[in-house]
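Analysis of the macromolecular model
Each chain is listed here by its residues.
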Amino acid sequence: MKLVLVSCCAPCSAGAIKQLHNGEIPDIDDFIVLFFNPNIWPESEYTKRMQEQMRYCESLGVKYKICEYNHDAWRAAVCGFENEPERGARCSICFAYRFEYAKKFARENGYDAVSSVLGVSKHKDQLQVDAAGESAPGDILYLPIKWDEKLRQQINRETDFYRQNYCGCEFSVRNKPKN
Ligand code: SF4
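What you are looking at is a predicted structure, and each value in this text was computed from that prediction instead of being measured.

Our focus in this paragraph is the nonpolar core. In this structure, Val 4, Leu 5, Val 6, Leu 34 and Ala 102 are the most contacted members of the largest nonpolar core, which totals 39 residues. For this core, the secondary structure elements donating two or more residues are strand S1 (2–6), helix H1 (10–21), strand S2 (30–35), helix H2 (43–60), helix H4 (89–109) and helix H5 (126–135). Here the element with the most residues in this core is H4; it accounts for 8 residues. In this view, Ala 102 contacts Val 4, Val 6, Leu 34, Phe 36 and Val 114; residues no more than four positions away in its chain are not counted.

Have a look at this one:
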């Protein structure tokens, strides 16, 4: 089965990419990392995360696709939900927006399924991410793969990734977690 891995950044995706690269996920024999994150603001921050994603994929020889960055279109999609808290309705729309794109990409490029690392952060709700992945429009399977969190943390300890301290959009800057 050929998988599209939806990724938000290198620190969140490092473990999943390593597992896929090592062939540790049953039934997945090919994959590509999809970087479609028009939610990230400002664009300078988007560029930093994108470059780290590319650097990690290239270090392993893993395929990736950098998609268009249209923050205005993403803002239109979440219009009316700006004041929602993180994990609230705006985030469900944001996840679904990215999954719909990923399923379309999978369909048009010969991939069979979509999975993601959007729920791996301790600030995220994996069930909310999975619900968005399953319900997003598109005739493509969504796989709620449980990634190896210890491996992800180990790679993060060993790698000098750029690490952001907020989820991505301007509304999460305002509400960024204190840690
Ligand atoms: S907080 Fe994160 S998941 Fe939620 S809307 Fe903003 S960028 Fe998307």
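Next comes the rest of the description.
Here H4 spans 30 Å end to end across 21 residues, near enough to the 30 Å set by a 1.5 Å rise per residue. Residues of H4 that are buried: Arg 90, Cys 91, Cys 94, Phe 95, Arg 98, Phe 99, Glu 100, Tyr 101, Ala 102, Lys 103, Phe 105 and Ala 106. Gly 110 occupies a position one or two residues after H4 and carries a positive phi of about 80 degrees.

The 5 strands lie next to each other as S3-S2-S1-S4-S5, forming an open sheet whose pairing is parallel. Lying at the two open borders of the sheet, with one neighbouring strand each, are strand S3 (64–66) and strand S5 (141–142).

Bringing the site of the ligand into the picture now. Contacts to the ligand come from Asn 39, Glu 86, Arg 90, Cys 91, Cys 94, Cys 167, Gly 168, Cys 169, Phe 171 and Ser 172. Breaking the shell around the ligand down by element, the ones donating at least two residues are H4 and helix H7 (170–174). The element that contributes the greatest number of residues to the shell around the ligand is H4, accounting for 3 residues. Grouping the constituent residues of the shell around the ligand by class yields 5 nonpolar, 3 polar and 2 charged.

What counts and how
Residues numbered from 1 in each chain as written. Predicted model: local features only at pLDDT ≥ 70, side-chain atom pairs only at ≥ 80, totals over all residues. Core = buried A, V, L, I, M, F, W, Y, C linked by C-beta atoms within 7 Å. Buried ≥ 20, exposed ≤ 12 C-beta atoms within 10 Å, placed from the backbone. Helix = DSSP H or I, 4+ residues; strand = E, 2+ residues; numbered from the N terminus. Contact = placed C-beta atoms within 7 Å. Expected span 1.5 Å × (residues − 1). Pairing = 2+ DSSP bridges. Near = placed C-beta within 6 Å. Nonpolar A, V, L, I, M, F, W, Y, C, P; charged D, E, K, R; others polar.

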